[in-house]
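Topology and contacts: notes
Each chain is listed here by its residues.
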Amino acid sequence: MKAELLYAFLTLSAGLFSLGLLGLLLRRNLLLAFLAIELLLNAANLNFLAFSRYHNEPTGAVFVLFGICLAAVEAVIGLGLVVRVFRVQEDLGFAKLSKLQW
Amino acid sequence: MLTLIALGVLGGIALAGGAMAITLRNPIYAVLSLVVGMLGIAGVYFLLGAEYLGAIQVIVYAGAILVTFLFVVMLVSLAPEDIPPIPRGMPLYITLLVAGGWMGVLAYALRSVVDLPTPAQAQNTDSDLPYLYGTLPPVSKTLFTAYAFPFELLSVTLLIGLIGASLLVQKRPTYES
């Protein structure tokens, strides 16, 4: 793969990362903020794979596999927290999200 | 060139899905459009020649993680009117400036990869055809030789996540009772 093509893939990844950042800053809701975090994680994975392809070397692909597994764990813990918070105060807005006690 | 066109189409799908996911008011539509975006990213993985990870992306991300999101959206019965609207005016402009500026910084900083020397392994394969680095045999060989211990740690992490999530959502006795 040529370096220019690598740059195109990295730019796509940067665009996804910026979208995720934008979503994280704009959506003032716990669940939708987690949705934006998934976008951020995917941007990182895309970078790993682009460089893996550039060097023709499977290590980056292995790290993407790890990243997807950790994203699954993060989603499960985060969604557990969402359910927990909803049970306590029935409002997932950031404005009322000031305590994590039960 | 063909790769670039395919990248434009698939990356456009991914970016459009992501953009709709962070702007749509109805949370169910937001999650579903992120599914479309994840399928676009999976297409980009296929384009990069990583067939195995493209399949994993479809199965685990679009199939499992986002469906769990969908379950939780329905479980906490998030209605569109529960979602605070996207702020207008100054906060919106500042946020757009931060995200757009960050995108600009990234695009500018990443420009230096164009000057990278072509790696030795890729020198004799200058075509746009995908290589076999991302198919199952090389990935699993690396995974189970060089990264066998991190792989085992990862399974423990999944177990910890499972236990932690079930502890988080179970009903606990209060201290008063």
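Heads up: the structure comes first, above all this text.
Residues numbered from 1 in each chain as written. Chains lettered and ligands numbered in written order. Predicted model: local features only at pLDDT ≥ 70, side-chain atom pairs only at ≥ 80, totals over all residues.

This paragraph deals with the overall build of chain B. For chain B, the count of helices and strands is six helices and zero strands. Starting at the N terminus, the α and β elements of chain B follow one another as α-α-α-α-α-α. The proportion of buried residues among the 177 residues of chain B is 26%. Restricting to contacts in chain B with at least 6 residues of sequence separation, those with at least 24 account for 60%. (Helix = DSSP H or I, 4+ residues; strand = E, 2+ residues; numbered from the N terminus. Buried ≥ 20, exposed ≤ 12 C-beta atoms within 10 Å, placed from the backbone. Contact = placed C-beta atoms within 7 Å.)

We now examine the packing of helix α2 (residues 30–55) of chain A against helix α3 (residues 59–89) of chain A. Residue and element names in this part refer to chain A. Running from N to C, α2 and α3 cross one another at 175°; their axes reach a closest spacing of 9 Å. Overall, the two elements α2 and α3 adopt an arrangement that is roughly antiparallel. Contacts from Leu30, Leu31, Phe34, Glu38, Leu41, Ala44, Asn45, Phe48, Leu49, Phe51 and Ser52 of α2 reach α3 at Thr59, Gly60, Ala61, Phe63, Val64, Gly67, Ile68, Ala71, Gly78, Val82 and Val85. (Axes fitted to C-alpha atoms, helices over the stretch in contact; angles between N-to-C directions. Parallel < 35°, antiparallel > 145°, perpendicular 65-115°, else oblique.)

Our focus in this paragraph is the nonpolar core. If you look at the biggest cluster of nonpolar residues, it comprises 70 residues, and the most contacted ones within it are A:Leu31, A:Leu35, A:Leu46, A:Leu49, A:Ala61 and B:Val44. At the level of secondary structure, the elements contributing two or more residues to this core comprise α1 (3–26), α2 and α3 of chain A together with α1 (2–23), α2 (27–47), α3 (51–75) and α5 (136–145) of chain B. (Core = buried A, V, L, I, M, F, W, Y, C linked by C-beta atoms within 7 Å.)

The next subject is unusual backbone geometry. Residues and elements named next belong to chain A. The residue Asn56 is not glycine, and still its phi comes out positive at about 55°. For Asn56, the location among the structural elements is in the loop between α2 and α3. What makes Asn56 partly exposed here is the crowd of 19 C-beta atoms within 10 Å.

The subject of this paragraph is the environment of B:Leu143. If you trace the backbone, B:Leu143 turns up in helix α5. For B:Leu143, a count of 20 C-beta atoms within 10 Å translates into the label buried. Separated by 30 residues in sequence, B:Leu143 and B:Val113 have C-alpha atoms that sit 27 Å apart. Residues within four places of B:Leu143 in sequence aside, it is in contact with A:Val62, A:Leu65 and B:Phe151.

For the rest of this paragraph, the subject is the interface of chain A and chain B. Chain A puts 67 residues into the contact, and the matching count from chain B is 71 residues. For the side of chain A that touches chain B, the elements supplying multiple residues, two or more each, are α1, α2 and α3 of chain A. The dominant element in the side of chain A that touches chain B, judged by the number of residues it contributes, is α3(A), at 22 residues. For the side of chain A that touches chain B, the per-class residue count stands at 48 nonpolar, 12 polar and seven charged. (Nonpolar A, V, L, I, M, F, W, Y, C, P; charged D, E, K, R; others polar.)

Each pair of packed helices can be summarised by the angle the axes make with each other and by the distance between the axes. Relative to each other, α1(A) and α1(B) sit at 5°, their axes nearing to 10 Å. Taken as axis vectors, α1(A) and α1(B) run roughly parallel relative to one another. Contacts between α1(A) and α1(B) involve A:Leu5, A:Ala8, A:Phe9, A:Leu12, A:Gly15, A:Leu16, A:Leu19, A:Leu22, A:Gly23 and A:Leu26 from the former and B:Thr3, B:Leu4, B:Leu7, B:Gly11, B:Ala14, B:Leu15, B:Gly18, B:Ala19, B:Ala21 and B:Ile22 from the latter. Looking at the contact of α1(A) with α1(B) residue by residue, the classes come out as 15 nonpolar, five polar and no charged.

No statement about biological role is implied by the geometric values presented.
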